[in-house]
Amino acid sequence: MTDMTNAAPAAVNSPGVPEHQRRLIELDDDIAKIRTQIATADLARQRGARPIDPDWFHRARTALRHLYRERAELMAQGTGRRRREKLKDALIGILRERHDPDTWDGILAEAQARSEREGL
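In this text the structure is predicted, and so the values were computed from the model without any measurement. (Residues numbered from 1 in each chain as written. Predicted model: local features only at pLDDT ≥ 70, side-chain atom pairs only at ≥ 80, totals over all residues. Heavy atoms only, no water.)

Peer 1: Please explain the layout of surface pockets as it appears in this structure.
Peer 2: Here the largest pocket defines a volume of roughly 200 Å³. What lines the largest pocket is simply K88, L91, I92, L95, W104, I107, L108 and A111. At the level of elements, α3 (54-98) and α4 (101-118) are the ones that each hand at least two residues to the lining of the largest pocket. Residues of the lining of the largest pocket, tallied by class, amount to seven nonpolar, no polar and one charged. (1 Å grid on protein atoms, 1.4 Å probe; cavity = no way out; pocket = protein on both sides within 12 Å on 5 of 7 lines; lining within 4 Å. Points joined across faces, edges and corners; volume = space filled by probe spheres on them. Helix = DSSP H or I, 4+ residues; strand = E, 2+ residues; numbered from the N terminus. Nonpolar A, V, L, I, M, F, W, Y, C, P; charged D, E, K, R; others polar.)

Here is the structure:
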């Protein structure tokens, strides 16, 4: 059962977090949980309490591999998002150069008002 006081579920459930970012948070949390389980099993093995079950260890490592793969795919998709941000920055730079400071301030104020109205 997931502890809802954990920071990852709280971040995932917070409003305004994009879906890909939510999934990355979930993946990072799942990866951390599996790594903690593997480390705990290794500490128990080192204490001599019991050996690590090879089938369990293989399943845990396979799950980690799949989670890392999904995380890498999401990060690769985010590259397109960064490209879009760079395009927006370039567009803003061009528009800012073409307008005098007073006009630019008016455009910026209008954009901020629209952003607040739309909850961006």
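Peer 1: Hey, could you run me through the pattern of salt bridges in this one?
Peer 2: Between side chains of opposite charge, pairing is possible as soon as their charged atoms come close. Following the criterion strictly, the structure yields seven salt bridges and no others. Residue R71 is joined to D28 by a salt bridge in which the shortest nitrogen-to-oxygen separation is 2.4 Å. Highlighted residues: R71 in helix α3 and D28 in helix α2 (residues 19-47), separated in sequence by 43 residues. In this structure R71 comes out as partly exposed when scored by relative accessible area, which is 25%. (Salt bridge = Lys/Arg side-chain N within 4 Å of Asp/Glu carboxyl O. Buried < 20%, exposed > 50% of the residue type's maximum accessible area, 1.4 Å probe, protein only.)

Peer 1: What am I meant to see in α4 here?
Peer 2: The α-helix advances 3.6 residues per turn, and as a result positions three or four apart in sequence lie on the same side. The end-to-end C-alpha distance of α4 is 26 Å, a good match for the 26 Å that 18 residues give at a rise of 1.5 Å each. One side-chain oxygen of the residue at the start of α4 lies 3.2 Å from the amide nitrogen of D102, identifying that residue as D100. G119 sits one or two residues past α4 and shows a positive phi near 70 degrees. (Expected span 1.5 Å × (residues − 1). Polar contact = N/O pair within 3.5 Å; in protein donor to acceptor, adjacent residues only side chain to side chain.)

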